[in-house]
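Structural features, examined
For reference, the chains in residue letters:
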Amino acid sequence: MYALKLDPAAEAVWDALPSEAGDNLGRALALACERPLEATHPWGVDDKVIRQIVTPDVRALLLVGRNTRTIAVLQIDYLR
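All of the points below concern the structure found in this document. (Residues numbered from 1 in each chain as written. Predicted model: local features only at pLDDT ≥ 70, side-chain atom pairs only at ≥ 80, totals over all residues. Heavy atoms only, no water.)

1. Topic: the overall build of the protein chain
Filter applied, for reference: The helix and strand labels rest on DSSP assignments: H or I over at least four residues marks a helix, E over at least two residues marks a strand, and numbering proceeds from the N terminus. Between the two quantities, the radius of gyration covers C-alpha atoms and the globule rule is 2.2 Å times the number of residues to the power 0.38. For every residue, the accessible area obtained with a 1.4 Å probe (protein chains only) is divided by the maximum for its type, and the residue is called buried under 20%, exposed over 50%, and partly exposed between those limits. Throughout, a contact is declared for two residues whenever any of their heavy atoms are within 4.5 Å. The accessible surface values rely on the Shrake-Rupley method and a 1.4 Å probe; as for residues, cover is taken only from the protein chains in view. Working convention for charge: Lys and Arg count positive, Asp and Glu count negative, and His plus the chain ends are omitted. Charge coordinates come from a single atom per side chain, which is NZ of Lys, CZ of Arg, CG of Asp or CD of Glu.
Along the protein chain, the regular secondary structure elements total two helices and five strands. Its helices and strands in sequence order give the protein chain the pattern β-α-α-β-β-β-β, from N to C terminus. Computed over its C-alpha atoms, the radius of gyration of the protein chain comes to 12 Å, within 12% of the 12 Å expected for a compact globule of 80 residues. Evaluated residue by residue, the protein chain yields a buried proportion of 36% over its 80 residues. Long-range contacts, defined here as pairs at least 24 residues apart, represent 40% of the contacts in the protein chain between residues at least 6 apart. In the structure as shown, the protein chain presents an accessible area of about 4800 Å², 55% of it carried by carbon and sulfur atoms. Of the side chains in the protein chain, 9 bear a positive and 11 a negative charge, and the two mean positions are spaced by 7 Å.

Listed below in structure tokens is the structure:
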């Protein structure tokens with residue numbers, strides 16, 4: 001299991017999302033913490049480090065630290 005890290009800016013965006021979008025993001029992040037590569041998509045060059053989650057409402061950019069077993073949320077974009 002990977003630990004999830006959120007900076008205050010990303011946390012504020014997540015908190016401001018409509019409830020359904022926030023819930024969907026939460027479920028997607030929980031899956032990413034269990035299986036980071038299977039539950040996410042490459043962003044740019046597939047280096048297995050910078051990944052993204054895309055839901056119908058949200059795109060989240062992630063930094064996967066395999067050595068530290070952490071997933072840092074770098075950015076959250078509301079797509080609607």
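2. Brief notes about the nonpolar core
Stated formally: In this text, buried Ala, Val, Leu, Ile, Met, Phe, Trp, Tyr and Cys residues form a nonpolar core when linked through side-chain atoms within 4.5 Å.
L25, I53, L62, I71 and I76 are the most contacted members of the largest nonpolar core, which totals 17 residues. Contributions of two or more residues to this core are made by α2 (19-34), β4 (58-65) and β5 (70-78). Looking at this core, the element that brings in the most residues is α2, giving six residues. Ignoring any residue separated from it by four or fewer positions in sequence, one finds I71 in contact with Y2, A3, L4, K5, A32, C33, P36, L62, L63 and V64.

3. A short note on the sheet that holds strand β2 (residues 41-42)
The criterion, for reference: Here, any two strands with at least 2 DSSP bridges between them count as paired. Angles here are taken between N-to-C directions and fall from 0 to 180 degrees, while the axes themselves are lines fitted to C-alpha atoms, restricted in helices to the stretch in contact.
Taken in spatial order, the five strands make up an open sheet running β1-β5-β4-β3-β2, and their pairing is mixed. Each end of this open sheet is capped by a strand with a single partner; those strands are β1 (3-6) and β2. As judged from the eight bridges shared by β4 and β5, these two strands associate in the antiparallel manner. When the bridges of β5 are listed, G65 appears paired with T70. Contacting β1 and β5, helix α1 (residues 8-16) runs over the sheet at an angle of about 95° to β1. In the packing of α2 onto the sheet, contacts are made with β1, β3 (50-54), β4 and β5, and the angle to β5 comes to roughly 155°.

4. Quick look at the pattern of salt bridges
For the record, the criterion: Put simply, a salt bridge is a Lys or Arg side-chain nitrogen that is within 4 Å of an Asp or Glu carboxyl oxygen.
All chains considered together, the criterion is met by five salt bridges. With a closest N to O distance of 2.7 Å, D77 and R59 form a salt bridge. Placement of the pair is D77 in strand β5 and R59 in strand β4, with a sequence separation of 18 residues. The exposure class assigned to D77 is partly exposed, which follows from its relative accessible area of 22%. Among the residues examined, R59 registers a relative accessible area of 22% and is labelled partly exposed. Members of the salt-bridge network, linked through shared partners, are D46, K48 and R51.

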